[in-house]
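What follows is the residue order along each chain.
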Amino acid sequence: MSNELVINVTHQETRVALLESGHLAELFIERKRERVTAGSICKGKVIRVLPGMQAAFVDIGLEKAAFLYVGDFRDGGFLDDDDDDDRRVRRGGIRRRDEDDEHEVDVEADEEGEEAHVAAGVAAQSARSGRDRGRRTRRAHGPMPKIEEVLKEGQEILVQVAKEPIGTKGARITSHISLPGRHLVFLPTVDHIGISRRIRNEKERRRLRDIVMSIKPPGGGFIVRTVSEGKSEEELTADMTFLLKLWNTILEKTERVKAPAVLHYDLDVTFRAIRDLFSAEVDRLVVDSKEEYDRILEFVTTYHPELRHQIELYEGIEPIFDHYGIEVEIQRALARRVWLKSGGYILVDTTEALTAIDVNTGRFVGKRNLDETILRTNLEAVEEIAYQLRLRNIGGIIILDFIDMEKHSEREKVFHALEEALRKDKAKTNLLKISELGLVQMTRKRTRESLLRLLTETCPHCEGRGVVKSKTTICYDIFREIQRAAPHIKGSRIVVKCHPSIGEMLVDEERGGIEQLERRLGKQISIVARKHFHPEQYEVDEAE
């Protein structure tokens, strides 16, 4: 079956679904009130420097302050620095490279940074992470400066959102800016040339490298993206010119506005999908909004005219996500239990610290023996786990609890199957070998909220625990509270205010306990229902 991009547009939000062989593979959602996304470039103000953490909190205009690690801060990143040498690359134009120019450095683009819509991920070419950057900086340029030496409260700096706010954490930012185009990614602060590792033909890699080196301005760097394979020098030059003009526009705006302010938004979710996903591997794009359809056609005609005939306007009566079966898949992606075709299932539980995925045989009893049943269930679960990680955009620490396998060869088979299944995932993953208990520890890089956090909120009753006290437990808690409060109540009547369901149980099933307390304490106990009370909430007091 074909691969398709399906776009649903409403006044409140835009949803982009990538279908691979008819199945929902990735889902991107952008709501108008949540516009500051990863890739946005901001003028921020340092509000707190933390020497103990070698980090700073920076106000970039969001509800929560953004977090900047010292290794993510480029020396000379002050906006009020008088030295303009650092900006020369941004104001320069396309040039021809002389043979005597500086030596080229080939940096292979990380697949996550190169392919994802998050432009800030590509800045990792100069440093995979703040800590790694710090180690390389110390080797190449001596000790890395301390955060209190390079930043001060009230300082205005130019930063880019590397990770959107996730849960209770603010955005992660970096001063290593990157601007992604269709064919190239511009890295103003890094003097490197990188070629996507997905371009495997050495002759083509050399051709692309030579073209970029011959036309790039001094000082800045570029990542050559996968879609550049086979492209002409004219196409790469046009993309480079566009990115340089965009950077100069951002710098000019920097001088006019006060922090905190957003200087540049990354493309909206529709255009990011076109830029990053709409390629030869995608057969068509379908959108249900005439206004968005016209906007897409104009964009594609200008930048990618060869794709314009693959764009369709959906005019059906049935909602577009219903028509393609996407709504059902979204609901499935929010469920805790996911059934496997065999009758087994996986359980997905997310906490603040990690995500745990448990594999169970469920209704699957096999045909031959127990070992074969367990192996088949685990192998089937591997494919579903890899799919769910990508669809739900689960990141951070992940623990996979496979059904125990006694044979080492079977554990190896499941582990290799997992490695192979994760190759389709553009997000960077790290795996540890499967243990004798059937556990796999892994991490998956994340730069935006998971689907669960994006589409749900904490339950007001259980407050995220997943459970509330049973009615019986609450009744017995109330009995104990009555005994504590009774000596301090002067009157002859005690009033218990509680949720109606608890009150009903107290006057019915637990009536004997109430009567026993009345005899023991010599006081009358009245039950008053309060509809607005939380099920676990109650009050014990004297009558008014």
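For the structure itself, consult the block above.
The shown structure was predicted, so the numbers you read here are calculated from the model rather than taken from an experiment. (Residues numbered from 1 in each chain as written. Predicted model: local features only at pLDDT ≥ 70, side-chain atom pairs only at ≥ 80, totals over all residues. Heavy atoms only, no water.)

1. Topic: the sheet that holds strand β10 (residues 184-187)
Then, in step 1: With mixed pairing, the 4 strands of this open sheet are ordered in space as β9-β10-β12-β11. Edge positions in the open sheet fall to β9 (179-180) and β11 (193-195), since each of these has one partner strand only.
Then, in step 2: Across 2 bridges, β9 lies against β10 in antiparallel orientation. Bridging from a neighbouring strand, Pro-180 pairs with Val-185 of β10.
Then, in step 3: Set on the sheet, helix α5 (residues 202-215) makes contact with β10, β11 and β12 (221-224); between it and β11 the angle comes to about 155°. (Pairing = 2+ DSSP bridges. Helix = DSSP H or I, 4+ residues; strand = E, 2+ residues; numbered from the N terminus. Contact = heavy atoms within 4.5 Å. Axes fitted to C-alpha atoms, helices over the stretch in contact; angles between N-to-C directions.)

2. A short note on the pattern of salt bridges
Then, in step 1: All told, the structure shown has 29 salt bridges when counted by the stated rule.
Then, in step 2: Across the pair Glu-20 and Arg-390 runs a salt bridge, and its minimum N-O distance is 2.9 Å. You can see Glu-20 sitting in strand β2 (residues 13-20) and its partner Arg-390 sitting in helix α11 (residues 370-392), a full 370 residues away along the chain.
Then, in step 3: Classification of Arg-390 by relative accessible area gives buried; the value is 10%.
Then, in step 4: Here Arg-423 and Glu-420 are joined by a salt bridge, their closest N and O atoms 3.0 Å apart.
Then, in step 5: Using a relative accessible area of 47% as the deciding quantity, one classes Glu-420 as partly exposed.
Then, in step 6: It is possible to trace a salt-bridge network through shared partners that takes in Glu-13, Arg-15, Arg-31 and Glu-327. (Salt bridge = Lys/Arg side-chain N within 4 Å of Asp/Glu carboxyl O. Buried < 20%, exposed > 50% of the residue type's maximum accessible area, 1.4 Å probe, protein only.)

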